[in-house]
Amino acid sequence: MECCCGLLTAEKQPVPLKGIEVELEVKDHVATVVSTLHYDNKEDKAIEAVFVFPLPGDAAVCHFSAKVGQTEIVAEVKEKQEAREEYDDALSSGQQAFLLEESEQSSDIFSLSVGSLPPGESASIRLEYIIELAVQADDALRFCLPAVLNPRYQPQGSEGGGVQVTSVPASQVPYSLSFSARVSSPRQVSKIDSNCSLEPLQYLNAEQSQAVVKLAAGHKFDRDVELLIYYKDAHQPAAVVEAGQVSAKPGTLMGDAVVMLSLYPEFPQAVMSSLASSGEFVFVLDRSGSMDCPINNTKKSETRISSARDTLLLLLKSLPMGCYFNIYSFGSSFEHIFPTSVEYSEKTMEEALKKVKEMQANLGGTEILQPLKHIYNQPCIPSQPRQLFVFTDGEVGNTKEVTSLVKKNSTSHRCFSFGIGEGASTALINGLAKEGGGHAQFITGADRMQPKVMQSLRFALQPAVEDISVTWDLPQGVTAIVLSPPLTAIFQGQRSLIYAQLTGQSSEAKDCFVTVKYNLAGHPTQNQIPFTLQPTEETGLTIHRLSARTVIRSLETEKNNYDLMPFMEREDKKEEEDGVKQKVVELSVQSGVSSSHTAFIAVHKGESSTTQGPLLRQIIPVPSFRNMPQMMCMRSMPISPPNGFAGPPPACIAYADCAMGGEMDDLDEMCYGWTKEIVAPSPPPCMDPLLELVSLQKASGCWPLVKALAAAMEKTSEEVEKPKPAAVSKDVWATILALIWLHGFKADAQDEWQLLAMKAVSWLCAQKASCVAECVAAGNTLLGCEVTKDTLGI
């Protein structure tokens, strides 16, 4: 066997993928994405092209077809091993074949194999998937087209061989991307923002409820393509009923009608104004080598780890007195600041901050499983609900092991997750939050980490929603079978979705109702949504496929949970796993939705001839945000399933091998081709004035009157001390000044300091200080502000 690996330039052998066209159609909060990939074989022999690429982890892939010349072949969903064997048999007999399969380790990575493409022949691949759009803090709906796939770290001992990825610098991706979006909603489309350059938004009707937008020419593969869609009056509950498939058997998911419920709970303001003053807050920080990368491609000076350190500063300053906390960090190994969670105080806060300042991205690989196991083995503290905050760039190869562990422990905690940087695994970040009853956030492009994290802290401090129940009021003869996992968490302003299969029939023309009841801080609360059994027009089978995807993911998680049950006999465990797998395969084939146990297979059964000699395999690179060597493997080899999806990789494939498995104590040196140089230490960068002021706050909420506080406000100590009213203590004066400065100069960053300011106000009220109005007036004069006493909340 011959093997050729090395750097490729535009002058050398081109890869066969020439371009990708993406058409996005958004109807309210559901998106349908159609991607067309164009291949062109310029070689003088038949080739097999393999393309490993990212998709959103919660997408329902529902269509795959190939067009060769004038012939279109629509793929079928089959059990994965059966599909692979059919693919191999087709290539061995000289037929053209196409195989699309999901990684067994992570639901956000797919492999596309284009087999036996003759010399000079072209082919177009059409891939379609459906996804629900997540609601952001500012009520935007977020769509992300993953263009960046970073290598995933596979810990030793994890099941599976990992996913092999060929990565090149984004500027050297040898294919183009075109992207267009059509948005429609019952409500007005207010605007569409993006982290990429867009052509001007065009409305299609006078009501401005339909619009189209396109990606501007010249897109560089240096980021995921993100759209933020804003609707007027976005927080509207809704129910959509979709008719079953005519050809499907009644009584099955595809044969019956399905309803999708969208809940936007609005909690009473009186309840929301009182944040919890208890809880155990456990922060888990990724310190693998990849966290030393820039957080985005515009601020090269700020790395992911430095942004995470700043965020931990804000978090620690914002915690309520009386709570407990601890900080874990992980790489190939893990560390914790305290042996067990400790009570929050000035002493413990300062000790933690000192160690946070010293944290670097120097712990090697990304092994998150062990620190999570250690946390879950710690007993919970009575009357202190455990809240887990996980910060990672999401580059792990054992995603399903991690999310299964979180689900197993979901009754004892809530998990809030943060994906940092381009290419973070959506399957991991969303999976952690979904299984842990928390909330997921992604920090990409020019996003600041701090406001998103502080929003999640506010969610964590919200009164816990308990005793959630869902009841259905339906006509006689109709029954609802809930397909979604039980609701375990409801947050103010965040959408919750429920899918249900409607079985049976009724001649009654009765309105239907679904009622969600729960207890909020001791207050019984309910939300009711009316709907009719009349199916909504023009939805196709979108809701059925999203429902099928929901059931498939739940079954896959159930299967993974058996790996966490060492007490089960091996034969019993295998029997249970095989039973769950069979259910997944049956539903996947019935619904046409991908799963980890099935694959799409298409074979062009036209004229064929036995292939003489081996095919030329070409691995198509994807853009990586890393500064990775540009590697591609071109080889003559017997046809085999795609690397990383059916066994170990060939020895010759040099790309990303160290990032996928094996020992990896220094990720940045071994994988990313970075060169360590001994240079003179540079002076530490100047701290942001906001963070400088925040760093001086005490755990109790007050500020001391010190020189550093004056400097943060660009004043001298004398200027700050002189106007202090004589009857007021130094701490009260300093705290009022700090609050005035925050409101006067950092109002645009209020999301970041709101909680610590509330703590400062509580401290001030407890002091029952006199001359507060005089202090506010003097502080405004000193700082040149016009902040009122009411604005400060004192």
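Computed from a prediction, not measured in an experiment: that's the story for all the values here.

Trainee: It is not clear to me how the overall build of the protein chain should be interpreted in this structure. Could you clarify?
Mentor: Helices and strands together make up the secondary structure of the protein chain, namely 19 helices and 36 strands. Counting across all 794 residues of the protein chain, residues that qualify as buried make up 58%. Counting contacts in the protein chain only where the partners sit at least 6 residues apart, residues at least 24 apart contribute 75% of the total. Accessible area of the protein chain: about 32,800 Å², with a carbon and sulfur share of 50%.

Trainee: What is the right way to read the packing of aromatic side chains from this model?
Mentor: When we look at a pair of aromatic rings, we describe it by the centre distance and by the angle of the planes. Inspection of the entire model under this criterion finds twelve aromatic pairs. Between the aromatic rings of Y328 and F334, the centroid separation amounts to 6.3 Å while the plane-to-plane angle is 25°, which identifies the pairing as stacked. We classify Y328 as buried; its relative accessible area is 2%. Judged by its relative accessible area of 28%, F334 is partly exposed. Aromatic pair F389 and F416: ring centres 5.1 Å apart, planes at 25°, arrangement stacked. Of this pair, F389 sits in strand β25 (residues 386–392) while F416 sits in strand β26 (residues 413–420), placing them 27 residues apart in sequence.

Trainee: Whenever I open this one, the pattern of salt bridges confuses me. Can you help?
Mentor: As a working rule, side chains carrying opposite charge can pair if their charged atoms are close by. This structure, assessed with the given rule, holds 19 salt bridges. A salt bridge links K191 to D193; its shortest N-O distance comes to 3.6 Å. With a closest N to O distance of 4.0 Å, R458 and D751 form a salt bridge. Of this pair, R458 sits in helix α8 (residues 449–461) while D751 sits in helix α17 (residues 750–767); the two residues are 293 residues apart in sequence, bridging distant segments of the chain. Take R458: its relative accessible area is 18%, and that puts it in the buried class. D751 gets classed as partly exposed once you look at its relative accessible area, which sits at 41%. Here the salt bridges share partners, and the residues they tie into one network are E102, K400, R553 and E556.

Trainee: Looking at this structure, how should I read helix α4 (residues 346–357)?
Mentor: An α-helical turn contains 3.6 residues, so any two residues separated by three or four positions project in the same direction. Taking 1.5 Å of rise per residue, twelve residues should cover 16 Å, and α4 covers 17 Å from first to last C-alpha, within 8% of that figure. Within α4, burial applies to T348, M349, A352, L353 and V356. The buried residues of α4 all sit within an arc of 130° when viewed along its axis, so they share a single face. In α4, the exposed positions that point more than 90 degrees away from the buried face belong to K347, K354 and K357. Taken together, the buried residues of α4 touch α3 (304–318), β22 (324–330) and β24 (342–343).

Trainee: Sorry if this is basic, but what is going on with the pairing of strand β8 (residues 96–102) here?
Mentor: Each regular strand carries side chains that alternate between the two faces of the sheet. For β8, the buried fraction is high: seven of the seven residues fall into the buried class. Because side chains alternate across β8, one face comprises the buried residues Q96, F98, L100 and E102, and the other comprises A97, L99 and E101, equally buried. Pairing geometry for β8 and strand β33 (residues 598–604), over six bridges, is antiparallel. Directly across from Q96, in β33, lies its bridge partner H604.

Trainee: Can you help me understand the confidence of the model for the protein chain in this one?
Mentor: In this model, the protein chain carries a mean pLDDT of 81, and residues with pLDDT of at least 70 account for 80%. The model gives residues 609–614 a pLDDT under 50, and that stretch makes eleven contacts with residues more than four places away or in other chains. Below a pLDDT of 50 lies the segment residues 625–683, which in the model reaches 179 contacts outside its immediate sequence neighbourhood of four places, other chains included.

Trainee: I would appreciate a short explanation of the side chain of Q450 in the present structure.
Mentor: Note on placement: Q450 falls in helix α8. Excluding anything up to four places from it in sequence, Q450 contacts S307, D310, T311, L314 and E752.

Trainee: Would you mind showing me how to read the packing of α3 against α17 here?
Mentor: Relative orientation and spacing of two packed helices are given, respectively, by the angle between their axes and the distance between those axes. Relative to each other, α3 and α17 sit at 25°, their axes nearing to 8 Å. In terms of orientation, α3 and α17 fall into the roughly parallel class. Here the hand of the crossing between α3 and α17 comes out left-handed. In contact with L314, L316, K317 and S318 of α3, α17 contributes E752, L755, L756 and K759.

Trainee: What is the right way to read the sheet that holds strand β10 (residues 122–132) from this model?
Mentor: Two strands in a sheet stick together by hydrogen bonds in their backbones, pointing the same way (parallel) or opposite ways (antiparallel). Reading across from one edge, β6-β5-β10-β3-β2-β14-β17-β16 is the order of the eight strands in this open sheet, with mixed pairing throughout. The open sheet terminates on both sides in strands that have one partner only, identified here as β6 (71–74) and β16 (202–203). Pairing between strand β5 (residues 60–68) and β6: four bridges, direction antiparallel. Directly across from S65, in β6, lies its bridge partner V74.

Trainee: For this particular structure, what's the right way to read the packing of α3 against α4?
Mentor: At a minimum axis distance of 10 Å, the contact between α3 and α4 shows a crossing angle of 175°. When the axis of α3 is compared with that of α4, the two are roughly antiparallel. Contacts from R309, L312, L313, L316 and K317 of α3 reach α4 at M349, E350, A352, L353, V356 and K357. For the contact of α3 with α4, the residue count by class is seven nonpolar, no polar and four charged.

Trainee: Before we go on, may I ask you to explain the sheet that holds strand β32 (residues 523–531) in this structure?
Mentor: If you walk across this open sheet you meet the three strands as β28-β31-β32, and the pairing is antiparallel. For this open sheet the edge positions go to β28 (465–473) and β32, each flanked by a neighbour on one side alone. In this sheet, adjacent strand axes meet at a mean angle of 15° when their direction is disregarded. For β28 and strand β31 (residues 512–520), the ladder comprises seven bridges, and the chain directions are antiparallel. Of the residues in β31, the one forming a bridge with W472 is V514.

Trainee: In this structure, what is going on with the pairing of strand β2 (residues 17–27)? I would like to understand it.
Mentor: Taken together, the ten bridges between β2 and strand β3 (residues 30–40) define a ladder with antiparallel strand orientation. Bridge pairing in β3 places L17 opposite Y39. With nine bridges joining them, β2 and strand β14 (residues 176–184) adopt parallel strand pairing. What sits directly across from I20, in β14, is L177.

Trainee: What is the right way to look at the environment of G218 in this model?
Mentor: Within the secondary structure, G218 sits in the loop between β17 (210–214) and β18 (225–231). The sequence separation of G218 and S176 amounts to 42 residues, and the corresponding C-alpha distance is 8.8 Å.

Trainee: Would you mind going over the nonpolar core with me for this structure?
Mentor: One recurring pattern in soluble globular proteins is that nonpolar side chains are buried together. By size, the foremost hydrophobic cluster in this structure holds 85 residues, and its most contacted members are F281, F283, L316, F391 and W703. Among the elements that line this core, the one with the most residues is helix α16 (residues 730–745), at ten residues. For F391, the contacting residues outside a window of four places in its chain are F283, V284, L285, D286, T311, L315, F330, F418, I420, M449 and V453. Listed in part, the 55 residues of the second largest apolar core include Y39, L141, V183 and Y264.

Trainee: Mind showing me how you'd approach α8 here?
Mentor: When the terminal C-alpha atoms of α8 are compared, their 19 Å separation across 13 residues agrees well with the 18 Å that a helix rising 1.5 Å per residue should span. Counting buried positions along α8 gives twelve out of 13 residues, so the element sits mostly inside the fold.

Trainee: Whenever I open this one, the side chain of Q96 confuses me. Can you help?
Mentor: Within the secondary structure layout, Q96 lies in strand β8. With a relative accessible area of 8%, Q96 lands in the buried category. Sequence-distant contacts of Q96, defined by excluding residues within four places in its chain, comprise V68, G115, S116, P118, E121, A602, V603 and H604.

Trainee: Help me out: how do you make sense of unusual backbone geometry in this one?
Mentor: Excluding glycine, a negative phi dihedral is what most residues carry, and trans is how most peptide bonds are arranged. Here the phi dihedral of D28 falls at roughly 60°; this positive angle occurs in a residue that is not glycine. Here D28 is to be found in the loop between β2 and β3. Under the relative-accessibility criterion, D28 is labelled buried at 18%. The phi dihedral of E714 is positive, around 60°, even though this residue is not glycine. Relative to the elements of secondary structure, E714 occurs in the loop between α14 (707–712) and α15 (717–721).

What counts and what doesn't
Residues numbered from 1 in each chain as written. Predicted model: local features only at pLDDT ≥ 70, side-chain atom pairs only at ≥ 80, totals over all residues. Heavy atoms only, no water. Helix = DSSP H or I, 4+ residues; strand = E, 2+ residues; numbered from the N terminus. Buried < 20%, exposed > 50% of the residue type's maximum accessible area, 1.4 Å probe, protein only. Contact = heavy atoms within 4.5 Å. Areas by Shrake-Rupley, 256 points an atom, 1.4 Å probe, with all protein chains shown as cover. Phe/Tyr/Trp six-rings, centres within 6.5 Å; stacked < 30°, edge-to-face > 60°. Salt bridge = Lys/Arg side-chain N within 4 Å of Asp/Glu carboxyl O. Expected span 1.5 Å × (residues − 1). Arc of directions from axis to C-beta. Pairing = 2+ DSSP bridges. pLDDT = per-residue confidence, 0-100. Axes fitted to C-alpha atoms, helices over the stretch in contact; angles between N-to-C directions. Parallel < 35°, antiparallel > 145°, perpendicular 65-115°, else oblique. Left-handed = near helix turned anticlockwise from the far one by under 90°. Nonpolar A, V, L, I, M, F, W, Y, C, P; charged D, E, K, R; others polar. Core = buried A, V, L, I, M, F, W, Y, C linked by side-chain atoms within 4.5 Å.

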